[in-house]
Amino acid sequence: MNLSPLHFCLLFSSGLFCIGLIGALSRRNAILVLLGIELMLNAANLNFIAFWRFSPNPENGHGILFVVFSIAVAAAEAAVGLALVISIYRHQKNIRLPEATRLKG
């Protein structure tokens, strides 16, 4: 079986995605859940770059544009997620997700 560099990139990104998924689903700490989600977004970015690099026409920058937009969305997601974590901590004095059932107004 002959594996190309694209296959190695896809295997690496799928492993990274699985680690992020396991981390996001198995943790109780909100910060670690956000970290797992960021790992999954980085795996998707790696897929965009790999498919762009090994496409028949890598001169156009479509893959890079997708990654830039994805990074912008990930930054916004991290900002909103951290704002929610800070709000939960202010009201409940912990950041454990099972105990964060509601936010007081």
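Residues numbered from 1 in each chain as written. Predicted model: local features only at pLDDT ≥ 70, side-chain atom pairs only at ≥ 80, totals over all residues. Heavy atoms only, no water.

Chemist: Summarise the overall build of the protein chain; cite the residues concerned and give the values.
Modeler: A tally of regular secondary structure across the protein chain gives three helices and zero strands. Secondary structure elements of the protein chain occur, N-terminal to C-terminal, as α-α-α. Taken along the three principal axes of its C-alpha coordinates, the protein chain extends 55 × 30 × 15 Å. Put simply, of all contacts in the protein chain between residues at least 6 apart along the chain, 52% involve residues at least 24 apart. Of the roughly 7400 Å² that the protein chain leaves accessible, carbon and sulfur atoms contribute 72%. Considering the protein chain, the positive charge centre built from 8 side chains and the negative charge centre built from 4 side chains are found 16 Å apart. (Helix = DSSP H or I, 4+ residues; strand = E, 2+ residues; numbered from the N terminus. Contact = heavy atoms within 4.5 Å. Areas by Shrake-Rupley, 256 points an atom, 1.4 Å probe, with all protein chains shown as cover. Lys, Arg positive; Asp, Glu negative; His and termini not counted. Charge placed at Lys NZ, Arg CZ, Asp CG, Glu CD.)

Chemist: Quick rundown of unusual backbone geometry? Include the residues and the values.
Modeler: Positive phi outside glycine occurs at Lys 93, with the angle close to 60°. By the element assignment, Lys 93 lies in the segment after helix 3 (62-92).

Chemist: Could you give an account of the packing of helix 2 (residues 30-53) against helix 3, naming the residues involved and the relevant values?
Modeler: Their axes nearest at 9 Å, the elements helix 2 and helix 3 cross at an angle of 175°. On the basis of the axis angle, helix 2 is roughly antiparallel to helix 3. (Axes fitted to C-alpha atoms, helices over the stretch in contact; angles between N-to-C directions. Parallel < 35°, antiparallel > 145°, perpendicular 65-115°, else oblique.)

Chemist: Lay out the packing of aromatic side chains with the relevant residues and their values.
Modeler: Following the criterion strictly, the structure yields one aromatic pair and no others. Their ring planes at 10° and their centres at 5.3 Å tell us that Phe 48 and Phe 66 sit as a pair that is stacked. Here Phe 48 is found in helix 2, whereas its partner Phe 66 is found in helix 3, with 18 residues between them in sequence. Looking at Lys 93, its charged tip hangs above the ring of Tyr 89, at a distance of 6.0 Å from the centre. (Phe/Tyr/Trp six-rings, centres within 6.5 Å; stacked < 30°, edge-to-face > 60°. Lys NZ or Arg CZ within 6 Å of the ring centre and 35° of its normal.)

Chemist: I'd love a proper account of helix 1 (residues 5-26), names of residues and values included.
Modeler: Spacing of three or four residues puts side chains on the same side of an α-helix, whose turn is 3.6 residues. For helix 1, built from 22 residues, the straight-helix expectation of 32 Å at 1.5 Å per residue is met to within 8% by its first-to-last C-alpha distance of 32 Å. Regarding helix 1, the residues found buried are Leu 6, Ser 13, Leu 16, Gly 20, Gly 23 and Ala 24. All buried residues of helix 1 fall inside an arc of 120° around its axis, so they share one side. Within helix 1, the exposed residues directed more than 90 degrees away from the buried face are Leu 11, Ile 19, Ile 22 and Leu 25. (Expected span 1.5 Å × (residues − 1). Buried < 20%, exposed > 50% of the residue type's maximum accessible area, 1.4 Å probe, protein only. Arc of directions from axis to C-beta.)

Chemist: Go over the environment of Ile 37, please, and point to the residues and values.
Modeler: Among the secondary structure elements, Ile 37 is positioned in helix 2. As a C-alpha pair, Ile 37 and Trp 52 span 15 residues in sequence and 23 Å in three-dimensional space. Beyond its immediate stretch of four places on either side in the chain, Ile 37 contacts Ala 24 and Glu 77.

Without other data, these values stay purely geometric and don't point to any function.
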